[in-house]
Amino acid sequence: MAGSGTFALLCGLLAATLVEATLSPPAVLSLGPEVIRERLTQELKDHDAVRILHQLPLLSAIRQEPAGGILFLGSLVNSVLNHIIWLKITSADILQLQVEPSADAQELVVKVPLDMVAGFNTPLVKTIVEMHMETEVQAVIRVETSKRDGTHLVLDTCSSSRGSLRISLLYKLSFTINPLANKVMSLLMPALPKLVKSQLCPVIEAAFEDMYADLVHLVRVPVSLGSNHLEFDLLSPDIKGNAIQLNLRATLLDSQGNVTNRFTKAAASLTTPTLSGAPFSLTVRQDVVNVAIAALLPPEELMVLLDYVLPELARQLKSSIGVISETAAGQLEPTQIMKIMTQETPELLLHQDSAKLAQLMVLELFPTNEVRRPLFTLGIEANTEAQFYTKGDQLMLRLNDISIDRIHLMNSGIGLFNPELLRDVTTEILASILLPNENGKLSSGIPLSMVKALGSEAASWSVTKDALVITPASK
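Residues numbered from 1 in each chain as written. Predicted model: local features only at pLDDT ≥ 70, side-chain atom pairs only at ≥ 80, totals over all residues. Heavy atoms only, no water.

Visitor: Any details on unusual backbone geometry? Residues and values, ideally.
Guide: The phi torsion at threonine 157 lies on the positive side, around 45°, for a residue other than glycine. Examined against the element boundaries, threonine 157 turns out to sit in strand S6 (residues 150-160). You will see that aspartate 401, though not glycine, has its phi angle at about 50°, which is positive. Structurally, aspartate 401 can be placed in strand S17 (residues 394-412). Judged by relative accessible area, which is 59%, aspartate 401 ranks as exposed. (Helix = DSSP H or I, 4+ residues; strand = E, 2+ residues; numbered from the N terminus. Buried < 20%, exposed > 50% of the residue type's maximum accessible area, 1.4 Å probe, protein only.)

Visitor: Tell me about the sheet that holds S17, residues and numbers included.
Guide: Read from one edge of the open sheet, six strands run S13-S14-S15-S16-S17-S18, paired in antiparallel fashion. Single-partner strands in this sheet number two, and they are strand S13 (301-305) and strand S18 (446-447). Taken together, the ten bridges between strand S15 (residues 354-366) and strand S16 (residues 376-391) define a ladder with antiparallel strand orientation. Counterpart to leucine 357 in the pairing with S16 is threonine 384. (Pairing = 2+ DSSP bridges.)

Visitor: So what about the environment of valine 284? Which residues, and what values?
Guide: Along the chain, valine 284 turns up in strand S12 (residues 280-285). On the basis of relative accessibility, which here comes to 9%, the residue valine 284 falls in the buried class. C-alpha separation for the pair valine 284 and alanine 250, spaced 34 residues apart in sequence, amounts to 9.6 Å. Here valine 284 is in contact with Pro26, Ala27, Leu270, Val289, Asp466, Ala467 and Leu468, once residues within four sequence places are set aside. (Contact = heavy atoms within 4.5 Å.)

Visitor: Explain the packing of aromatic side chains to me, using residue names and the numbers behind them.
Guide: Counted under the stated rule, the structure contains three aromatic pairs. For lysine 88, the ring lying beneath its charged end belongs to tryptophan 86, and the centroid distance is 5.2 Å. (Phe/Tyr/Trp six-rings, centres within 6.5 Å; stacked < 30°, edge-to-face > 60°. Lys NZ or Arg CZ within 6 Å of the ring centre and 35° of its normal.)

Visitor: Residues and numbers for the confidence of the model for the protein chain, please.
Guide: Detail in the predicted coordinates should be disregarded across regions flagged by low pLDDT. Model confidence for the protein chain is summarised by a mean pLDDT of 89, while 91% of its residues fall at 70 or above. With pLDDT under 50 throughout, residues 13-21 is counted as low confidence; its partners more than four residues away or in other chains account for one contact. Every residue in residues 68-73 is under pLDDT 50, and counting partners more than four places away or in other chains gives three contacts. (pLDDT = per-residue confidence, 0-100.)

Visitor: Run through the state of the cysteines, naming residues and quoting values.
Guide: Applying the stated criterion across every chain yields a total of one disulfide. Paired by a disulfide, cysteine 158 and cysteine 201 hold their sulfur atoms 2.1 Å apart. Measuring the twist about the S-S bond at about -75°, one finds the cysteine 158-cysteine 201 disulfide to be left-handed. Residue cysteine 158 is located in strand S6, and its partner cysteine 201 is located in helix H6 (residues 178-219); the two are separated by 43 residues in the primary sequence. According to the relative accessible area criterion, cysteine 158 is buried, its value standing at 4%. Residue cysteine 201 is classed as buried on the basis of its relative accessible area, which comes to 2%. (Disulfide = S-S within 2.5 Å.)

Visitor: Any chance you could break down the side chain of aspartate 466 for me, citing the residues and the numbers?
Guide: Topologically, aspartate 466 is positioned in the loop between strand S19 (459-463) and strand S20 (467-472). Although aspartate 466 is buried, it makes no salt bridge; lysine 465 carries the closest opposite charge, 5.1 Å away. Setting aside chain neighbours within four positions, we find aspartate 466 in contact with Ser269, Leu270, Thr271, Val284, Arg285, Gln286 and Leu350. (Lys, Arg positive; Asp, Glu negative; His and termini not counted. Salt bridge = Lys/Arg side-chain N within 4 Å of Asp/Glu carboxyl O.)

Visitor: If you had to explain helix H9 (residues 311-324) to someone new, which residues and values would you point to?
Guide: Between the first and last C-alpha of H9 there are 20 Å, a value that for 14 residues agrees with the 20 Å anticipated at 1.5 Å per step. Among the residues of H9, those classed as buried are Leu313, Ala314, Leu317, Ser320 and Ile321. Down the axis of H9, the sector holding all buried residues measures 130°, keeping them to one side. The elements touched by buried residues of H9 are helix H8 (306-309), helix H10 (326-331), strand S14 (337-351), S15, S16 and helix H11 (423-442). (Expected span 1.5 Å × (residues − 1). Arc of directions from axis to C-beta.)

Visitor: Could you give an account of the nonpolar core, with specific residues and numbers?
Guide: Core analysis: the biggest nonpolar cluster contains 140 residues, and Leu29, Leu58, Leu246, Phe376 and Phe388 have the highest contact counts within it. The biggest single contributor to this core is H6, with 22 residues. (Core = buried A, V, L, I, M, F, W, Y, C linked by side-chain atoms within 4.5 Å.)

Visitor: Go over the packing of helix H2 (residues 33-46) against H6 with me, naming the residues and quoting the values.
Guide: When two helices pack together, their arrangement is captured by the angle between the axes and the distance separating the axes. Two elements in contact, H2 and H6, have axes separated by 9 Å at closest approach and are oriented at 120°. Classified by the angle their axes make, H2 and H6 are oblique. Two packed elements cross with a definite hand, and for H2 against H6 that hand is right-handed. Residue-level inspection shows Ile36, Arg39, Leu40, Glu43 and Leu44 of H2 in contact with H6, the latter providing Val203, Ile204, Ala207, Phe208, Asp210, Met211, Asp214, Leu215 and Leu218. (Axes fitted to C-alpha atoms, helices over the stretch in contact; angles between N-to-C directions. Parallel < 35°, antiparallel > 145°, perpendicular 65-115°, else oblique. Left-handed = near helix turned anticlockwise from the far one by under 90°.)

Visitor: Could you give me a rundown of the side chain of glutamate 300, with the residues and numbers involved?
Guide: Mapped onto the elements, glutamate 300 comes out in the loop between helix H7 (286-296) and S13. Within polar-contact distance, the side chain of glutamate 300 engages the side chain of asparagine 437 at 2.5 Å. Not counting chain neighbours up to four residues away, the residues in contact with glutamate 300 comprise Ile340, Met341, Thr342, Asn437 and Lys441. (Polar contact = N/O pair within 3.5 Å; in protein donor to acceptor, adjacent residues only side chain to side chain.)

Visitor: Quick rundown of the pattern of salt bridges? Include the residues and the values.
Guide: As enumerated under the stated definition, the model contains 14 salt bridges in all. Close ionic contact of aspartate 156 with arginine 142 constitutes a salt bridge, the shortest N to O distance being 2.7 Å. One end of the pair, aspartate 156, is in strand S6; the other, arginine 142, is in strand S5 (residues 129-146), with 14 residues separating them in the sequence. Among the residues examined, aspartate 156 registers a relative accessible area of 17% and is labelled buried.

Right, dumping it as structure tokens:
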């Protein structure tokens, strides 16, 4: 009995693990090396990292290093070091950062190249002795989990190794000064990496913390959907190859700020495409896109005086009804009203590189504007081509080419008839009334402030079988 119970428990744990492994977040923001590099570079500027380099206490650092070196000059050089007037960085620059995956692709390695010139003065020389110093700081971005902060990204193991340090004189010196310059350079070899680790590494770590906080704030900016808005928030970060991946939850709120839909990890599939050279991408799961479009196209009723607005279609409709019942066609007056009621919420159907919007609607025809009972009521299942496009940083959607999948006779005051007889004219009416109305509601677009915040002026889009993907437009 114990054995079977243990087996059942293990099966349950395995099943739970498999379910967790297949859960997909509502959205994923992938940030490539270019974005990480540019934003971390800006944060280093904001933290005045170059000023920190200028202020490195070189003289006190080398005085703390053991004399060592050339024995017969040791005491002489040490004596001269005590009489150096000053030794400091005269020029410093942080070159272009590099971001690349670690060997196991579970972390990101950040390389920060430093280019500096240091000078020192001593009573033995009237001019400043200058040295060119090049080194590289390396740090690792990784995912860390703690009880207080949950799962988050950190930058640590920051250091500068002697192996990456190169020091050379900017110009030749006299034979008498060379030993002193060589001694200063030899003492800087162990001292400078220690200074960089103690003085600059905390600044790099603080810059990354602020960069990460800014990214989290960036994804939380509400996305306007008419009178509603969609909010994203961080679920968990991850590192995939050479990119940071922020897994996001989503919440839809109405005009009063009340939550109407929450999205978190679910069994729904989500294909996150590789960046393929793009600086970033935002992949939004199909059910989230559905709700966003539904917020822009809520159920509504449209009533149209058909003979006044669309007289040609009114004549076609009368002719089609005449085939069914001449008596019914004769009841139609110039004040006839066509009523279209969209039902429930539309459903976006995604396919590779294409999309359709499926809708349910009810259509009623009243012979005059005074009659309260319709001649007939039709139930319609229709779909339209959903054409996404972008206008700057706005995601736009236009509906084209409506077609009727199914048409049902729900109610009739003129006897039973085959509703297929009205398919063509009904399609024309929906294309002339419903689509312009819905496209008008969609014309304001969906602002993608995230695109501009990540350094791009315009967005591009694509669809997969289960997601909408936003990337920066090609320059």
